[in-house]
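Observations on the model geometry
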Amino acid sequence: MGTEPLHNAIIVWSIAGSDNSAGAGIAADIKTLQSFSSKTQPVHLCTLITAVTAQHSNGVDAVMAMPVTLLQQQADALLKDACPAVIKIGLLATAEHVRWLSLLLVQLRQQNPTLLVLYDPVAISSSGDRLAGAALYQAVFKYLLPQLDILTPNLPELWALTLQAPALSHKTAALQQLFQAGVKAIIVKGGHSASQSQVVDELFIASPFRYHGHSAYTHYVALSSPRQHHAFSRGTGCCFSSAVAAALALGYPLEDAFVLAKSYINQALHQPIAINANTGCPGHYGIPSDSRYLPTLSETNPVADVTPSLTQVTPLTLSPAFKPLKAPLGLYVIVPSVEALKRALVAGVKTLQLRIKQATSTQLKHDIMQAIQLCQQHDVQLFINDHWQLALELGAYGVHLGQEDITTADLLALQQAELRLGVSSHGFYKLLRAQQLQPSYIAIGAIFNTQTKNMAGKIQGLHKLKYYCALFNTVPLVAIGGINADNAHLVLGSGITNLAMVQAFANATEPQQWVKQMQALISQHVKGAHHAE
Ligand SMILES: Cc1ncc(COP(=O)(O)OP(=O)(O)O)c(N)n1
Ligand SMILES: Cc1ncsc1CCOP(=O)(O)O
Ligand SMILES: [Mg+2]
């Protein structure tokens with residue numbers, strides 16, 4: 001055993017069939033989950049085999065369903081070691097399997113109330129052969145759907161599950177049936193759609209859906225990416241659903257898991273494995289770290305009656321881009337008043353934010369005007385938090401807006417007036433949402449616990465920060481939340497080169513010295529990063 005501390009593995013179960021050609025089924029699940037595993041966040045996939053199949057790229061030659069007694073023995077054996085955090089269900093071969101599993105899930109939920117269960121309702125292989133009979137879905141509807149958190153059908157599975165004809169208007173009815181049966185969230189995989197240019201996957205979330213103690217931010221997310229035209233894609237659906245399960249196991253909220261899984265599949269299909277000249281399957285190369293794999297996000301809900309609480313359609317693209325920063329943000333100090341701003345200028349801060357939360361309107365305008373003038377005199381980049389109308393009116397250098405604000409602010413006016421825009425984010429989904437506006441920078445937080453703002457449920461940690469920095473590498477990023485002189489080097493170690501701080505500056509007894517020290521630390525890391533390239 002090495003000297004590094006051992007981290008307890010996150011246990012995931014895959015309850016699925018074996019595809020002996022290793023494109024789909026259990027083999028795809030193992031490859032995907034392993035790809036999300038790391039030394040500090042190990043993911044351990046255990047299997048319950050429901051059926052042994054004999055398959056190749058042109059069809060299914062044989063399916064042998066596992067007897068329920070052996071399924072129960074597999075579950076009992078696993079439970080002697082550990083209870084799962086997430087279960088991914090794939091092929092269930094008989095209605096008996098479904099009834100048995102529904103009872104097992106009730107029992108497991110008693111042992112682990114935060115258990116997440118995702119079902120990828122495979123019944124037809126990618127070659128078109130049926131892997132299970134029609135009676136299976138009737139049992140699924142009656143017994144399994146009420147036990148599920150997330151269902152990930154492709155379009156043929158959506159129609160088959162709900163006995164609908166394939167039409168957009170029928171999608172509403174299909175989704176309604178599934179939600180009424182008790183499913184909490186549905187991801188409809190668009191790989192089988194008629195579009196030759198794009199593959200659009202859609203996430204629908206029922207209002208009361210909660211996971212990892214968070215409630216969902218939105219009720220509808222569509223992610224689209226260019227269709228990759230090659231035949232090396234066996235098991236893509238299994239890999240996608242496994243990637244969602246893996247991301248949930250790592251603690252990402254559902255919207256983030258969706259963005260991460262779609263990026264993962266884009267990478268996997270971009271670098272597939274050729275089994276022979278005509279067939280192959282997705283390649284598995286870890287959490288993606290290249291922005292070209294990011295999908296495009298849209299939030300326009302085509303079946304609004306399924307998720308009626310969605311009333312607002314967010315403008316998710318705006319071109320051209322916002323004006324770039326004059327200089328890297330580096331040390332970014334956020335102050336609550338003009339008095340504190342003056343103190344920061346004297347101390348030598350070169351990037352500032354005026355974040356006034358309470359003031360009368362005349363005082364506010366006066367303060368913002370004074371801050372703009374002072375920062376212009378000192379050649380300092382100043383962002384005005386929240387008050388974008390005043391920033392626009394007074395010709396500020398830039399504004400900083402939160403995720404809620406970007407749905408209401410006049411972004412076009414800000415962009416046309418050449419103000420820089422900074423946007424808050426926490427997680428893959430909100431980073432993607434922010435990135436599509438092509439802002440001047442994106443803030444990621446809170447990295448650690450903070451007393452300055454209520455960020456309950458939104459603490460990101462260093463591990464996630466590392467992945468965000470790698471994937472969103474086309475926009476300047478700044479980390480915020482609980483950062484101080486003691487932990488700044490750890491934050492910089494995750495690849496970020498800009499740090500925003502509120503309390504750490506306010507508490508500095510020798511501001512000038514503190515600023516010098518922080519600026520030196522940041523430039524040392526930036527130089528080190530350039531050296532390593
Ligand atoms: C650099 C930076 N990052 C994040 C925030 C937070 O903005 P927002 O989410 O709008 O919250 P408030 O600051 O308005 O409470 C920020 N201000 N600056
Ligand atoms: C405004 C804000 N947005 C995300 S965390 C945060 C507070 C950062 O303050 P501090 O640096 O004192 O933790
Ligand atoms: Mg704000």
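Named according to an unreviewed UniProt entry, the protein chain is Thiamine-phosphate synthase originating from Rheinheimera baltica. Within the UniProt record for the protein chain, the comment given under Pathway (unreviewed entry) is "Cofactor biosynthesis; thiamine diphosphate biosynthesis; thiamine phosphate from 4-amino-2-methyl-5-diphosphomethylpyrimidine and 4-methyl-5-(2-phosphoethyl)-thiazole: step 1/1." Here is the UniProt Sequence similarities (unreviewed entry) comment for the protein chain, exactly as written: "Belongs to the thiamine-phosphate synthase family."

For the protein chain, the count of helices and strands is 17 helices and 22 strands. Taking 24 Å as the expected radius of gyration for a compact globule of 533 residues, we find that the protein chain reaches 25 Å, a close match to that expectation. Projecting the C-alpha coordinates of the protein chain onto the three principal axes gives extents of approximately 75 × 60 × 50 Å. Going through the 533 residues of the protein chain one by one, you find that 46% of them count as buried. Restricting the contact set of the protein chain to residue pairs at least 6 apart, pairs at least 24 apart contribute 66%.

Turning to the sheet that holds strand 3 (residues 59-65), a few remarks are in order. By way of backbone hydrogen bonds, the strands of a sheet pair with one another, either parallel or antiparallel. Taken in spatial order, the 10 strands make up an open sheet running 3-2-1-4-5-6-7-8-11-14, and their pairing is mixed. Every interior strand has two partners, whereas the edge strands, strand 3 and strand 14 (296-298), have only one. By the bridge criterion, 3 bridges tie strand 11 (residues 220-226) to strand 14 in an arrangement that is antiparallel. By the bridge assignment, Leu-223 is partnered in strand 14 with Leu-297.

In this model, Gly-445 is joined to Ala-446 through a cis peptide bond whose omega is -5 degrees. Along the polypeptide, Ala-446 turns up in the loop between strand 20 (441-445) and helix 14 (461-471). Even without glycine at this site, Gln-438 takes up a positive phi of about 50 degrees. Following the sequence through the fold, Gln-438 ends up in the loop between helix 13 (428-435) and strand 20.

What follows covers the site of ligand 1. The local shell around ligand 1 holds 17 residues, among which Gly-402, Ser-424, Ala-443, Ile-480 and Ala-500 are the closest. For the shell around ligand 1, the elements supplying multiple residues, two or more each, are strand 15 (331-335), strand 19 (420-425), strand 20 and strand 21 (477-480). Looking at the shell around ligand 1, its residues break down into 6 nonpolar, 7 polar and 4 charged.

Turning our eyes to something else, we now look at the site of ligand 2. By nearness alone, 14 residues border ligand 2, and Thr-450, Thr-452, Gly-481, Val-502 and Gln-503 come closest of all. When grouped by side-chain class, the residues that make up the shell around ligand 2 number 7 nonpolar, 6 polar and 1 charged.

A few words on helix 7 (residues 236-249). For helix 7, which comprises 14 residues, the first-to-last C-alpha distance of 20 Å matches the rise-based estimate of 20 Å (1.5 Å per residue) to within 8%. Across the 14 residues that make up helix 7, a large majority, 14, are buried. At the exit of helix 7 stands Gly-251, carrying a positive phi of roughly 95 degrees.

Of all the positions in helix 14, only Lys-464, Leu-465, Tyr-467, Tyr-468 and Leu-471 are classed as buried. Seen along its axis, helix 14 keeps its buried residues to an arc of 165 degrees; they face one direction. Elements that come into contact with the buried residues of helix 14 comprise helix 8 (254-270), helix 13, strand 20 and strand 21.

What follows deals with the packing of helix 2 (residues 68-79) against helix 3 (residues 95-111). The interhelical angle for the contact between helix 2 and helix 3, taken along N-to-C directions, is 30 degrees, at an axis separation of 10 Å. The angle between helix 2 and helix 3 places the two elements in the roughly parallel class. Two packed elements cross with a definite hand, and for helix 2 against helix 3 that hand is right-handed. Residue-level inspection shows Val-68, Leu-71, Gln-72 and Ala-75 of helix 2 in contact with helix 3, the latter providing Glu-96, His-97, Trp-100 and Leu-104. Residue classes in the contact of helix 2 with helix 3 are distributed as 5 nonpolar, 2 polar and 1 charged.

Taken together, the 8 strands give a closed barrel; going around it, the order is 15-16-17-18-19-20-21-22, and neighbouring strands pair in parallel fashion. Averaged over all pairs of adjacent strands, the angle between their axes in this sheet comes to 25 degrees, without regard to strand direction. Examined bridge by bridge, strand 15 and strand 16 (residues 351-354) share 4 bridges and lie parallel to one another. Bridged to Tyr-332 within strand 16 is Thr-351. Where helix 9 (residues 338-347) meets the sheet, its contacts fall on strand 15 and strand 16, and the angle it forms with strand 15 comes to roughly 155 degrees. Each of strand 16 and strand 17 (381-385) is contacted by helix 10 (residues 361-377), which is oriented at about 165 degrees to strand 17, the strand it contacts most.

Analysis parameters
- Residues numbered from 1 in each chain as written.
- Chains lettered and ligands numbered in written order.
- Predicted model: local features only at pLDDT ≥ 70, side-chain atom pairs only at ≥ 80, totals over all residues.
- UniProt positions renumbered as here; feature names shortened; annotations may be inferred.
- Helix = DSSP H or I, 4+ residues; strand = E, 2+ residues; numbered from the N terminus.
- Rg over C-alpha atoms; globule rule 2.2 N^0.38 Å.
- Buried ≥ 20, exposed ≤ 12 C-beta atoms within 10 Å, placed from the backbone.
- Contact = placed C-beta atoms within 7 Å.
- Pairing = 2+ DSSP bridges.
- Near = placed C-beta within 6 Å.
- Nonpolar A, V, L, I, M, F, W, Y, C, P; charged D, E, K, R; others polar.
- Expected span 1.5 Å × (residues − 1).
- Arc of directions from axis to C-beta.
- Axes fitted to C-alpha atoms, helices over the stretch in contact; angles between N-to-C directions.
- Parallel < 35°, antiparallel > 145°, perpendicular 65-115°, else oblique.
- Left-handed = near helix turned anticlockwise from the far one by under 90°.

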